[in-house]
Amino acid sequence: MPVVLDCGPGMREAGVRMCINNRNNFVDMNFQKILIFYNMITKTDMYCTACNMLVYAKTAPYGINRYRIE
């Protein structure tokens, strides 16, 4: 939904409100941030990102496989 962002005294900018999950959770963004967000979503390899997240979820916490050798 379109909104007007108040950027300080006397400064206003057109933007968009993005609702996340429900109407109480939202983010107001100007058009530059929307273009950056769109570019990030379209250029990201989601398959590779999901694989990396699964590998990270399976790893043991740091320090479990460390042994002190004297």
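Below is a short write-up of the structure. Remember, predicted model here, so these are calculated numbers, not experimental data.

**Points about the overall build of the chain**
Here is step 1 of the chain: Counting secondary structure elements, the chain contains 2 helices and 3 strands.
Here is step 2 of the chain: For the chain, the α and β elements follow one another from N to C terminus as β-β-β-α-α.
Here is step 3 of the chain: For the chain, the C-alpha radius of gyration of 21 Å lies well beyond 11 Å, the compact-globule estimate for 70 residues.
Here is step 4 of the chain: When its C-alpha atoms are laid out on the principal axes, the chain stretches across 70 × 30 × 25 Å.
Here is step 5 of the chain: For the chain, the proportion of contacts with a sequence separation of at least 24, taken over those separated by at least 6, is 7%.

**Details of helix α2 (residues 46-58)**
Here is step 1 of the chain: Here α2 contains 13 residues, and its C-alpha end-to-end distance of 19 Å stays within 8% of the 18 Å for a straight helix at 1.5 Å per residue.
Here is step 2 of the chain: Burial runs low along α2: only 0 of the 13 residues are buried.

**As for a nonpolar patch on the surface**
Here is step 1 of the chain: The grouping of Phe-37, Met-40, Ile-41 and Met-46 at the surface amounts to a nonpolar patch, some 370 Å² of accessible area in total.
Here is step 2 of the chain: By residue number, the principal contributor to the nonpolar patch is helix α1 (residues 31-43), which donates 3 residues.
Here is step 3 of the chain: Within the secondary structure layout, Met-46 lies in helix α2.
Here is step 4 of the chain: Judged by relative accessible area, Met-46 falls into the partly exposed class, the value being 46%.

**Concerning the sheet that holds strand β2 (residues 11-20)**
Here is step 1 of the chain: Strand order in the open sheet made by the 3 strands is β1-β2-β3, with antiparallel pairing throughout. Across the chains shown, the open sheet's two edge strands, defined by having one partner strand only, are β1 (2-8) and β3 (22-30). Put simply, the sheet's adjacent strands are angled 45° from each other on average, direction ignored.
Here is step 2 of the chain: Bridge count between β2 and β3: 6 bridges; the pairing is antiparallel. For Ile-20, the partnering residue across the bridge sits in β3 and is Asn-22.
Here is step 3 of the chain: Against the sheet, α1 touches β2 and β3, its axis set at about 105° to β3.

**Some points on the pairing of β1**
Here is step 1 of the chain: Relative to β2, β1 is paired through 6 bridges, and the arrangement is antiparallel. Among the inter-strand pairings, Leu-5 is bridged to a residue of β2, identified as Glu-13.
Here is step 2 of the chain: Taking the residues that link successive antiparallel strands as the turn, the β1-β2 hairpin has 2 residues, and the phi of Gly-10 there is positive, at about 80°.

The rules behind these values
Residues numbered from 1 in each chain as written. Predicted model: local features only at pLDDT ≥ 70, side-chain atom pairs only at ≥ 80, totals over all residues. Heavy atoms only, no water. Helix = DSSP H or I, 4+ residues; strand = E, 2+ residues; numbered from the N terminus. Rg over C-alpha atoms; globule rule 2.2 N^0.38 Å. Contact = heavy atoms within 4.5 Å. Expected span 1.5 Å × (residues − 1). Buried < 20%, exposed > 50% of the residue type's maximum accessible area, 1.4 Å probe, protein only. Patch = residues over 30% accessible without salt bridge, like charges linked within 9 Å, V, L, I, M, F, W, Y side chains within 5 Å. Areas by Shrake-Rupley, 256 points an atom, 1.4 Å probe, with all protein chains shown as cover. Salt bridge = Lys/Arg side-chain N within 4 Å of Asp/Glu carboxyl O. Pairing = 2+ DSSP bridges. Axes fitted to C-alpha atoms, helices over the stretch in contact; angles between N-to-C directions.

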